[in-house]
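Chain by chain, the residues:
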Amino acid sequence: MRFAARVEVRLRPGIADPEGATIERALPALGFEGVHDVRAGRSFRFEVDAADEQEARRRAGEIAHRLLANPVIEDSVLELEPAGPGEPD
Amino acid sequence: MAARIAVVVFPGTNCEHDVAAAVERAGAAASLTWHRDRDLGQADAVVLPGGFAHGDYLRPGALARFSPVMEAVAGFAAGGGPVVGICNGFQILTEAGLLPGALVKNRGLRFVCAPSRVRVDSERSAVTAGVAVGTVLSIPVNHFSGSYVCDARTLAALRDGDQVVLRYLENPNGSVDDIAGVANAAGNVVGLMPHPERAADALLGSTDGLVLLAALLAQAAGVRAA
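Cut-offs used in this document
Residues numbered from 1 in each chain as written. Chains lettered and ligands numbered in written order. Predicted model: local features only at pLDDT ≥ 70, side-chain atom pairs only at ≥ 80, totals over all residues. Heavy atoms only, no water. Helix = DSSP H or I, 4+ residues; strand = E, 2+ residues; numbered from the N terminus. Rg over C-alpha atoms; globule rule 2.2 N^0.38 Å. Buried < 20%, exposed > 50% of the residue type's maximum accessible area, 1.4 Å probe, protein only. Contact = heavy atoms within 4.5 Å. Areas by Shrake-Rupley, 256 points an atom, 1.4 Å probe, with all protein chains shown as cover. Lys, Arg positive; Asp, Glu negative; His and termini not counted. Charge placed at Lys NZ, Arg CZ, Asp CG, Glu CD. Pairing = 2+ DSSP bridges. Axes fitted to C-alpha atoms, helices over the stretch in contact; angles between N-to-C directions. Core = buried A, V, L, I, M, F, W, Y, C linked by side-chain atoms within 4.5 Å. Polar contact = N/O pair within 3.5 Å; in protein donor to acceptor, adjacent residues only side chain to side chain. Right-handed = clockwise from strand over helix to strand, strands pointing away. Phe/Tyr/Trp six-rings, centres within 6.5 Å; stacked < 30°, edge-to-face > 60°. Salt bridge = Lys/Arg side-chain N within 4 Å of Asp/Glu carboxyl O. Buried area = accessible area lost by both parts, 1.4 Å probe. Nonpolar A, V, L, I, M, F, W, Y, C, P; charged D, E, K, R; others polar.

Colleague: Could you clarify how one ought to interpret the overall build of chain A in this entry?
Modeller: Across its full length, chain A carries two helices and three strands. Put simply, chain A runs from its N terminus to its C terminus through helices and strands in the order β-α-β-α-β. Taking 12 Å as the expected radius of gyration for a compact globule of 89 residues, we find that chain A reaches 17 Å, considerably beyond that expectation. C-alpha extents for chain A along the principal axes are approximately 50 × 30 × 20 Å. The proportion of buried residues among the 89 residues of chain A is 27%. Counting only contacts in chain A whose residues sit at least 6 apart along the sequence, the fraction spanning at least 24 positions is 74%. Carbon and sulfur atoms make up 52% of the accessible area of chain A, which amounts to about 6,000 Å² in all. On chain A, the mean spot of the 12 positive side-chain charges and the mean spot of the 18 negative ones are 4 Å from each other.

As structure tokens, this is what we get:
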């Protein structure tokens, strides 16, 4: 089976986020008042072949933990769903 | 015979020739080692130079950590061999788990390329052994992700273990505790953001980098003799 994975990587609480802070400071200049706690992060999408959802979750989680995020500074959140029929490869 | 320094080259590394020239000036023999090599040859010390290994894609050092040569580097480090990461090399060593903490984007998202003054705060490292604590060196920094971070427990352990090797006198990037360089618990693995190879000739404005490189060469000679 093929599963579509989305991994969101974000800085852990307490780690300074200069990108988020810069965006937050810029918003009032654009007329957006009252916006708080802006945090910048990254999102990754990929598809993974696995026998079942449990295996897909385990493999995608390992990818997130070992490569996509640096656990010293970042947390990751994994979302998984069965992929639609893709192009034959 | 001169100490042999392996200078590791990843795709995107760009300081390897400067490092090789500087360590040769200090009296060593340098050899460039491609990241696909699984063997460090007869190296007495290893340097991971600066640049943009694997394009710095994902995070600086995140992909370089998986290059084949890194297993050999980890093995060399585990055996007590001196391993030094400069700038991008420091980032690679943290990503590889050979040094604690991480390096994140500079405070204010500001790229910094300037001379920096750093103070030697520990002699327990491969680049500061024999260099008096308190010695101030002028060595340039050149980075976007040079802000050192770690959790409070790690920072306490670094201080207790005398592992903070270099501190900035004027913090250029927001590093916690003004940290410019750290060592592992044994002291043989060191990472620093300043570039000693760029302070290795009076024409460059400073020769202070040679102080650290000379200490490294002395450590390497010790490995050879052991």
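Colleague: What's the story with the sheet that holds strand S6 (residues 112-120) of chain B in this structure? I'm lost.
Modeller: One key point about sheets: their strands pair by backbone hydrogen bonds, in either a parallel or an antiparallel sense. Residue and element names in this part refer to chain B. One open sheet holds the nine strands; their spatial order is S2-S1-S3-S4-S11-S10-S9-S6-S7, and the pairing between them is mixed. Looking at strand neighbours, the two that pair on one side only are strand S2 (29-34) and strand S7 (136-143), the edges of this open sheet. Pairwise comparison of adjacent strand axes, ignoring direction, gives a mean angle of 25 degrees for this sheet. Examined bridge by bridge, strand S1 (residues 4-9) and S2 share six bridges and lie parallel to one another. Each residue of the ladder has a partner; that of valine 9, found in S2, is tryptophan 34. Lying on the sheet, helix H1 (residues 16-25) is in contact with S1, S2, strand S3 (45-48) and strand S4 (83-86); it crosses S2 at an angle near 155 degrees.

Colleague: What is the right way to look at the nonpolar core in this model?
Modeller: Considering soluble globular proteins, one finds that nonpolar side chains tend to be buried as a cluster. Ranked by internal contacts, the top residues of the largest apolar core, which has 66 residues, are Ile5, Phe10, Leu40, Val46 and Leu48 of chain B. Apart from the residues within four sequence positions on either side, leucine 48 of chain B is in contact with Val8, Phe10, Met70, Val73, Val84, Gly85, Ile86, Gly89, Ile92 and Leu93 of chain B. If you look at the next biggest cluster of nonpolar residues, it comprises eight residues, including Val7 and Val9 of chain A together with Leu58 and Ala62 of chain B.

Colleague: Could you clarify how one ought to interpret the side chain of asparagine 188 of chain B in this entry?
Modeller: Residue and element names in this part refer to chain B. Mapped onto the secondary structure, asparagine 188 falls in the loop between strand S10 (179-183) and strand S11 (189-192). Within the local environment of asparagine 188, its side chain forms a polar contact with the side chain of asparagine 184, the two groups lying 3.0 Å apart. Not counting chain neighbours up to four residues away, the residues in contact with asparagine 188 comprise Ala77, Gly80, Gly81, Pro82, Val83 and Ala126.

Colleague: Looking at this structure, I do not really get the pairing of S1 of chain B. What am I missing?
Modeller: On a regular strand, one side chain projects to one face of the sheet and the next to the other, so that they alternate. All names here are of chain B. Most of S1 sits out of view: five of its six residues are buried. For the crossover from S1 across H1 to S2, the handedness is right-handed. For S1 and S3, the ladder comprises three bridges, and the chain directions are parallel. The residue of S3 that forms the bridge with valine 7 is valine 47.

Colleague: Help me out: how do you make sense of the side chain of histidine 143 of chain B in this one?
Modeller: Residues and elements named next belong to chain B. Structurally, histidine 143 is set in strand S7. Of the polar contacts made by the side chain of histidine 143, one reaches the side chain of asparagine 173; its length is 3.0 Å. Excluding anything up to four places from it in sequence, histidine 143 contacts Cys87, Asn106, Arg110, Phe111, Val112, Tyr168, Asn173 and Met193.

Colleague: I tried to follow the packing of aromatic side chains on my own but got confused; where do I start?
Modeller: The way to describe two aromatic rings as a pair is by their centre distance and the angle between their planes. All names here are of chain B. Taken as a whole, this structure holds one aromatic pair over all chains when the rule is applied. Consider the rings of phenylalanine 90 and tyrosine 148, whose centres lie 6.0 Å apart with planes at 15 degrees: the pair is stacked. With a gap of 58 residues between them, phenylalanine 90 in helix H3 (residues 88-95) and tyrosine 148 in strand S8 (residues 147-149) connect regions that are remote in the sequence.

Colleague: It is not clear to me how the pattern of salt bridges should be interpreted in this structure. Could you clarify?
Modeller: When the charged atoms of two side chains with opposite charge come close together, those side chains can pair. All names here are of chain B. According to the stated counting rule, one finds 15 salt bridges over all chains in the structure shown. For aspartate 201, the salt bridge is made with arginine 25, and the minimal N-O distance between the two is 2.6 Å. In this pair, aspartate 201 sits in the loop between S11 and helix H5 (209-225) while arginine 25 sits in helix H1, placing the two residues 176 residues apart along the sequence. Close ionic contact of arginine 159 with aspartate 177 constitutes a salt bridge, the shortest N to O distance being 3.1 Å. Remark: aspartate 177 occurs in the loop between strand S9 (164-168) and S10 and arginine 159 occurs in helix H4 (residues 152-160); sequence separation between them is 18 residues.

Colleague: Mind showing me how you'd approach the interface of chain B and chain A here?
Modeller: Where the parts come together, the accessible area they lose is often given as the size of the interface. Opposite the 15 residues of chain B that make contact, chain A presents 14 residues. For the chain B and chain A pair, buried surface summed over both sides reaches about 1,200 Å², with 62% attributable to carbon and sulfur atoms. Among the residues chain B hides against chain A, the three largest losses belong to Leu58, Arg59 and Leu109 of chain B. Together they make up 44% of the total. Viewed at the interface, chain A and chain B are joined by two salt bridges. Run the count over chain B and chain A and you get seven residue pairs in polar contact (both at pLDDT 80 or more). Looking at the side of chain B that touches chain A residue by residue, the classes come out as eight nonpolar, three polar and four charged.

Remember, this is a structural readout, not a statement about activity or role.
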